[in-house]
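Spelled out, the chains give:
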Amino acid sequence: MEIYTVQAPTLSDCKAIMRERYGERAYIFQHKLVRNGGFLGLFTKENVLASVIVPDPMPQTFLKPSPVVAKKPTEAADVLQNKEKILSTAAEARGVDPNLQAILTQVKLLGDKIDSKLSTSPASTSAAMPGEHETLVKISAALEANEFGPDLRREITERLRRELPIEALNDYDEAQQKVLEWIGERVNVYTNNGPYKRPRIIVLVGPTGVGKTTTVCKLAASLKYPSDGSESQTVSLITIDLYRIAAAKQLGELAGYLKADFMAIDDENELKKELAFRNDGFDAVLIDTIGRSPRDSIELAKMKKMLEVCGPDAEVFLTITAATKTSDIINTMRQFEPFDYRAVIVTKLDETMRLGNVLSAFVTTGKPLAYFTDGQPSTPKYIQQASVIRLLTNLDGFTLDRERLEAYFTYG
């Protein structure tokens, strides 16, 4: 990676000079206004001084795939292979700058505090009572083993007592299916499949360390190389995270591999101008933001004000990691509510064997779930639209009838 400076009367002039000197892979990392010339402080001229990053040459693993003109097996395989390589590199970037959390301060909470009933309940080992039916004891223990919150465990156990007769409780497999159905029907899934106002603006917000930048990369690659056979989309990437140079570098390099537009911005007015510039010629604009602690109210407020220029049609997604306890997930959801996020993306599913915490949080808050991601390069699908079935099948210790569940949540 090489870093250069370009100076010109306007930012557009800087971009033109940058393209002429350094080629299409170069991108502007940051810029500022400077004054030059004059005499004794008079008659100075205002120019834009831009810092330009030229990424290292594109590795052979990211050669552009042949365009899919006809449905030929070899060409389709090439497209999928290139998509996997791009997503693999994006996934490997998850570990960038692990010490970022140290720079974030904790001040007063932004938004309403969590209701007292949502705070961590006493850590009872089981919602079942002594002398309880064996099925209730086993199901309560399975829920606890999957790290479901105590309130939801108690609610499910009480519903089993109330709604299932003794004959039904004697059938443990049937009781399990009922429990899975009750949990699944309480989870909302984000189903906005378009049509979208062009360009579609997608903004990711969330705490530091949850994988927002990596997720932006995965979303961009999935739009460029869709696995469902839909048409490839033109994508523009924007980051307003200039605190982490590595994050901007990562997005800039990915933009080069995808031959996509990229811009690093730290100014509200400049973001507004760049979004207006992208009204034509792009199908989607993906915006990465700096990670903020849910307790960092001052910085959250600043970021919210900056993102308001994206307009009411922007799809804001809150990003959280699966390896987080229930109370912290709920707290994060509540503190980011001022951003009016439409749904939640759950990342790093591969880093935990228990998803009861995630299910408990979504059941409690009622917030919609949009996407799942995992970060292992060997995993066939790095990002996928959320589904209740995927969550339920990840529960440990439950013997589920997948065909019955799929039919229930498809036609039920």
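Numbers given to residues run from 1 along each chain, matching the order in which its sequence is written. Local features in this predicted model are restricted to residues whose pLDDT is 70 or higher, and side-chain atom pairs enter the listing and the counts only when it is 80 or higher, whereas totals over whole chains, interfaces and linings include all residues. Just so you know, side-chain values use all the structure's heavy atoms and leave hydrogens and water out.

Chemist: For this particular structure, what's the right way to read the pattern of salt bridges?
Modeler: Once their charged atoms are close, side chains differing in charge can pair, the charge on each being opposite to the other. The salt bridge criterion pairs a side-chain nitrogen of Lys or Arg with a carboxyl oxygen of Asp or Glu, the two atoms within 4 Å. Enumeration over the complete set of coordinates arrives at 22 salt bridges. Glu299 is the partner of Lys302 in a salt bridge, and the nearest nitrogen-oxygen pair spans 3.6 Å. On the criterion of helical spacing, the pair formed by Lys302 and Glu299 is a turn pair, its members being 3 residues apart in helix α10 (residues 297–307). Its salt-bridge partner being Glu337, residue Lys367 comes within 3.7 Å of it at the nearest N-O pair. Highlighted residues: Lys367 in the loop between α12 (356–365) and β10 (369–373) and Glu337 in the loop between α11 (326–335) and β9 (343–347), separated in sequence by 30 residues. One continuous salt-bridge network, built from bridges that share partners, spans Lys15, Asp261, Glu274 and Arg278. Put simply, DSSP marks the helices as runs of H or I at least four residues long and the strands as runs of E at least two long, and each gets a number from the N terminus on.

Chemist: Got a minute to help me understand the environment of Ala343 in this structure?
Modeler: As for its placement among the helices and strands, Ala343 is situated in strand β9. Every residue pair with non-hydrogen atoms within 4.5 Å of one another is taken to be in contact. Setting aside anything within four residues of it in sequence, one finds Ala343 in contact with Tyr190, Val316, Phe317, Leu318, Pro368, Leu369 and Ala370.

Chemist: For this particular structure, what's the right way to read the environment of Cys217?
Modeler: Mapped onto the fold, Cys217 is located in helix α7 (residues 212–224). When the C-alpha positions of Cys217 and Leu237 are compared, they lie 8.8 Å apart, and in sequence the two are 20 residues distant.

Chemist: Got a minute to help me understand the confidence of the model for the protein chain in this structure?
Modeler: When pLDDT is low, close inspection of the predicted coordinates is not appropriate. Averaged over every residue, the pLDDT of the protein chain is 78; residues scoring 70 or more account for 76%. At the low end of the mean pLDDT range in the protein chain sits helix α2 (residues 73–92), at 51; at the high end sits strand β8 (residues 315–321), at 95. Across residues 60–73, where pLDDT falls below 50, the model places 20 contacts with residues more than four positions away in sequence or in other chains. Each residue carries a pLDDT value, the predictor's own confidence for that position, ranging from 0 to 100. The model gives residues 89–126 a pLDDT under 50, and that stretch makes 72 contacts with residues more than four places away or in other chains.

Chemist: What am I meant to see in the packing of aromatic side chains here?
Modeler: Aromatic ring pairs: the centre-centre distance and the angle between the two ring planes describe each pair. Between the rings of Phe, Tyr and Trp (Trp by its six-membered ring), a pair exists once the centres lie within 6.5 Å; its type follows the angle of the planes, with under 30 degrees stacked, over 60 edge-to-face, and the other angles tilted. Tallied over the full model, the rule gives 6 aromatic pairs. Seen in terms of ring centroids, Tyr27 and Phe262 are 4.7 Å apart; in terms of plane orientation they differ by 90 degrees. Their pairing is edge-to-face. One end of the pair, Tyr27, is in strand β2 (residues 27–36); the other, Phe262, is in strand β6 (residues 261–264), with 235 residues separating them in the sequence. The pair formed by Tyr27 and Phe262 is uniform in burial state, with each residue classed as buried. With a centroid separation of 6.0 Å and an interplanar angle of 80 degrees, the aromatic rings of Phe317 and Tyr371 are classed as edge-to-face. Taken together, the residues span a long stretch of sequence, with Phe317 in strand β8 and Tyr371 in strand β10 at a distance of 54 residues. Accessible area is worked out with a 1.4 Å probe on protein chains only. A residue is then buried under 20% of its type maximum, exposed over 50%, and partly exposed in between. Since its relative accessible area comes to 0%, Phe317 is described here as buried.

Chemist: Please clarify how the sheet that holds β10 should be interpreted in this entry.
Modeler: The strands making up a sheet associate through backbone hydrogen bonding, with each pair oriented either parallel or antiparallel. A sheet is described by the order of its strands in space; here 8 strands give the open sequence β6-β5-β7-β4-β8-β9-β10-β11, paired in mixed fashion. Looking at which strands have only one partner, the edges of the open sheet turn out to be β6 and β11 (383–385). The average undirected angle you get between the axes of adjacent strands in this sheet is 20 degrees. Two strands are said to pair when DSSP picks up at least two bridges between them. Here strand β5 (residues 235–239) pairs with strand β7 (residues 284–288) via 5 bridges, running parallel. The residue of β7 that forms the bridge with Val235 is Ala284. Every axis corresponds to a line fitted to the C-alpha atoms, with the helix fit spanning only the stretch in contact, and the corresponding angles, defined between N-to-C directions, vary from 0 to 180 degrees.

Chemist: Would you take a moment to explain the packing of helix α3 (residues 134–145) against helix α4 (residues 150–163) for this structure?
Modeler: Their axes nearest at 10 Å, the elements α3 and α4 cross at an angle of 160 degrees. Compared by their axis directions, α3 and α4 come out roughly antiparallel. Crossing angle aside, the handedness with which α3 passes α4 is right-handed. Along its contact with α3, which presents Leu136, Ile139, Ser140, Leu143 and Glu144, the element α4 presents Arg153, Ile156, Thr157, Leu160 and Arg161. Residue classes follow a fixed rule: Ala, Val, Leu, Ile, Met, Phe, Trp, Tyr, Cys and Pro count as nonpolar, while Asp, Glu, Lys and Arg count as charged, and any other residue, Gly among them, counts as polar. Looking at side-chain class alone, the contact of α3 with α4 contains 5 nonpolar, 2 polar and 3 charged residues. Every angle not falling under 35 degrees, over 145, or within 65 to 115 is termed oblique; those three ranges are roughly parallel, roughly antiparallel and roughly perpendicular. Crossing handedness is defined as follows: a turn of the near helix away from the far one that is anticlockwise and smaller than a right angle gives a left-handed crossing, while the clockwise case is right-handed.

Chemist: Before we go on, may I ask you to explain unusual backbone geometry in this structure?
Modeler: Excluding glycine, residues mostly have negative phi values, and the peptide bonds linking residues are mostly trans. Each neighbour pair has its own omega, and for Arg198 with Pro199 the value is 0 degrees, a cis peptide bond. Along the polypeptide, Pro199 turns up in the loop between α6 (172–184) and β4 (200–205). Look at Glu147: it is not a glycine, yet its phi comes out positive at around 65 degrees. Structurally, Glu147 is set in the loop between α3 and α4. With phi around 60 degrees, Lys348 is a residue other than glycine that occupies positive phi space. Mapping Lys348 onto the fold places it in the loop between β9 and α12.

Chemist: Sorry if this is basic, but what is going on with the nonpolar core here?
Modeler: When a protein is soluble and globular, its nonpolar side chains tend to lie buried together. By size, the foremost hydrophobic cluster in this structure holds 76 residues, and its most contacted members are Val205, Ile287, Cys310, Met333 and Val346. At 6 residues, the largest contribution of residues to this core is made by α6. Leave out the neighbours within four places in its chain, and Val205 touches Lys212, Thr289, Met303, Leu307, Val316, Phe317, Leu318, Thr319, Phe336 and Phe339. Counting residues in each nonpolar core, the second largest holds 28 residues, with Ile53, Leu251, Ala343 and Ala370 among its members. Put simply, buried Ala, Val, Leu, Ile, Met, Phe, Trp, Tyr and Cys residues joined by side-chain atoms within 4.5 Å make one nonpolar core.

Chemist: Honestly, α10 in this entry has me stumped. Any pointers?
Modeler: Residues lying three or four places apart along an α-helix face the same way, a consequence of the helix completing one turn every 3.6 residues. Among all positions in α10, only Ser297, Leu300, Met303, Met306 and Leu307 are buried. The secondary structure elements touched by the buried residues of α10 are β4, α9 (268–277) and α11.

Chemist: What exactly am I supposed to notice about the packing of α11 against α12 here?
Modeler: For any two helices packed against each other, one specifies the crossing angle of their axes together with the interaxial distance. Two elements in contact, α11 and α12, have axes whose closest approach is 8 Å; the angle formed by their N-to-C orientations is 40 degrees. Put simply, α11 runs oblique to α12. Crossing hand, α11 versus α12: right-handed. On the side of α11, the interface is formed by Thr326, Ile329, Ile330, Met333 and Arg334, while α12 contributes Asn357, Val358, Ser360, Ala361, Phe362, Thr364 and Thr365. Its residues assigned to classes, the contact of α11 with α12 comprises 6 nonpolar, 5 polar and 1 charged.

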